[in-house]
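Analysis of the macromolecular model
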Amino acid sequence: MREGLSKERAREVLDSLAARLRAPEVLKAARVDSLAVGHPGIALLFTTLAADGDAEARSVAHAHLAAAIRPAGGLRASGLFGGTAAVAFAARVAATGPDAYRSLLDTVTPRVAEAAMERARALRAGRAAGTGTPSHLYDAVSGASGLARLLLALDPHGPALRECLEALVELAEPAVTRYGTLPGWWTADGPGAQGPNPDFLRGHLNLGLAHGIPGPLAVLALAHEQGVRVRGHAEAIGRLAGWLAGRVHEDGCGPYWPLTVRAEDELSGERPPNPPTRAAWCYGTPGVARALFLAGRALEEKGWQELAGRSIRAVLARPVDTRALEGPGLCHGTGGLLQIAARMAYEMDDATLSAQLPSLARQLAEGMREVDGLGFLEGEAGAALALHTYVEGSRSTKGGPSRPSHPSDPQLLAWDAALLLA
């Protein structure tokens, strides 16, 4: 086995990446206000470095935030990863006290709330029509789950968050469709695109943390821990987590989850052998495991937490070339796997997982030649943040600049809350 990346060498790689990203002018993205590829995601990196004592990092983060709101036309309200919500998230992470970025946050919070209520209402209307639930209405990137996670930090007792949570709770209720009764987040089309798909003639159920039911489960669990609850909240967590636990597969290394479940298979109760999977944040076992772990922590269900831990250990026990990862980024690359594995290792005090982190960090560093741009979701900023988590250990997983004592502390926001990991 090749030697893993030392924390000292990982810090050198991290510092090199940060040096390239300090000047806002280096970014040429079309959407400068995007959390995925624009300035808000890069600001997250420098806010994180500021907490390490980097004297200039906080002003660099501020410069990137200023660049995000500079273009003419104003910010557009959309999902967590675009426009108003993206800037609000980065500013909220950067806020070191109640007055920090107060004017900006007071301006954008009502817009985020309005966007969230629009998503929640569209989600409920689609369910009522019985025509399926498009994942972009409820998911982490564009939908109610991502916006709800932000509102937990911006306005935890406001009506917009309540409406979002109520809509997400309703996803746990069965949906009566023309094919039969299916889980409430059933989507009539195939994954990734609208329209007929010969592999998903009756639609599908999405298991990706980015675009599937683990996203609503994660945010419901985090809200429950924070004491922000709506009618049927705990029951919905139990139903969603129980469904995921019941769809796990096993191989010689341990448990894993498929990317999707076909509606035909859900209706018939069949379990196709060896379904495709991957080891990414967006789709695959790590994201499902993290959501299940959060659910177990919220409801004190040790069985879900143990299943989550076993599945992450199984991911890392399989050959690297079976992980179906692309590049070093957070979304579908090694960075996302490293971030989830590190969080799980530190929070569970798991020596087996911790021993695997240097190898993952080496794979990330060696994959930097394949990085896609400078941004957060697939680019250098996100890869650098995952390396930071590895370098700083358990201290880095406890929230924002002032390090809260509990991961669900509402006063602080960890950067990977954008991924619904915290």
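Residues numbered from 1 in each chain as written. Predicted model: local features only at pLDDT ≥ 70, side-chain atom pairs only at ≥ 80, totals over all residues. Heavy atoms only, no water.

**Things to note about the overall build of the protein chain**
Tallying secondary structure elements over the protein chain gives 15 helices and six strands in all. Radius of gyration (C-alpha) of the protein chain: 20 Å, near the 22 Å computed for a compact globule of 422 residues. Looking at the protein chain residue by residue over its 422 residues, the buried ones come to 60%. In the protein chain, 68% of the contacts between residues at least 6 apart in sequence involve partners at least 24 apart. (Helix = DSSP H or I, 4+ residues; strand = E, 2+ residues; numbered from the N terminus. Rg over C-alpha atoms; globule rule 2.2 N^0.38 Å. Buried < 20%, exposed > 50% of the residue type's maximum accessible area, 1.4 Å probe, protein only. Contact = heavy atoms within 4.5 Å.)

**Points about the environment of Glu-118**
With respect to the helices and strands, the residue Glu-118 is situated in helix α5 (residues 102-129). A sequence separation of 25 residues divides Glu-118 from Gly-143, and the C-alpha atoms of the two residues are 9.7 Å apart.

**Concerning α5**
In this model α5 runs 41 Å from its N-terminal to its C-terminal C-alpha over 28 residues, within 8% of the 40 Å that 1.5 Å per residue would give. Along α5, the sharpest kink reaches roughly 30°, centred on Val-108 and followed within four residues by the proline Pro-110. Positive phi shows up at Gly-130, right after α5, with a value of about 75°. (Expected span 1.5 Å × (residues − 1). Bend = angle between axes of the 7 residues up to and from the residue.)

**A few points about the environment of Phe-89**
Following the sequence through the fold, Phe-89 ends up in helix α4 (residues 83-94). For Phe-89, the residues in contact, after removing those within four places along its chain, are Leu-35, Leu-44, Leu-80, Leu-150, Leu-413, Ala-414, Trp-415, Ala-417 and Ala-418.

**Here's the deal with the nonpolar core**
One broad trend across soluble globular proteins is that nonpolar side chains are buried collectively. Judged by nonpolar contacts, the single largest core of 145 residues is most densely connected at Phe-46, Phe-81, Phe-89, Trp-281 and Phe-376. Setting aside residues no more than four positions away along its own chain, Phe-46 makes contact with Ala-18, Leu-21, Arg-22, Ala-57, Arg-58, Val-60, Ala-61 and His-64. (Core = buried A, V, L, I, M, F, W, Y, C linked by side-chain atoms within 4.5 Å.)

**Overview of the confidence of the model for the protein chain**
Looking at the protein chain, pLDDT values average 93 and 94% of them are 70 or higher. Scored below 50 in pLDDT, residues 400-408 shows 23 contacts in the model against residues more than four places distant or in partner chains. (pLDDT = per-residue confidence, 0-100.)

**Some details on the packing of aromatic side chains**
Under the definition given, this model contains four aromatic pairs. Aromatic side chains Tyr-179 and Trp-186 sit 6.2 Å apart centroid to centroid with 80° between the ring planes, which places their arrangement in the edge-to-face category. A residue is classified by how much of its surface remains accessible, and Tyr-179, at 25% relative accessible area, is partly exposed. Taken together, a centroid distance of 5.9 Å and an interplanar angle of 90° make the contact between Phe-376 and Trp-415 edge-to-face. On the criterion of sequence distance, the pair formed by Phe-376 in the loop between α14 (351-366) and α15 (380-392) and Trp-415 in the segment after α15 is long-range, its members being 39 residues apart. For Phe-376, a relative accessible area of 0% puts it in the buried group. One aromatic cluster in this structure is built from Phe-81, Phe-376 and Trp-415. In this arrangement the basic side chain of Lys-7 is found over the ring face of Tyr-390, its NZ or CZ atom lying 5.7 Å from the centre. (Phe/Tyr/Trp six-rings, centres within 6.5 Å; stacked < 30°, edge-to-face > 60°. Lys NZ or Arg CZ within 6 Å of the ring centre and 35° of its normal.)

**Looking at the side chain of Arg-297**
Mapped onto the elements, Arg-297 comes out in helix α11 (residues 285-299). Within the structure, Arg-297 has its side chain in polar contact with the side chain of Glu-347 (distance 3.2 Å). (Polar contact = N/O pair within 3.5 Å; in protein donor to acceptor, adjacent residues only side chain to side chain.)

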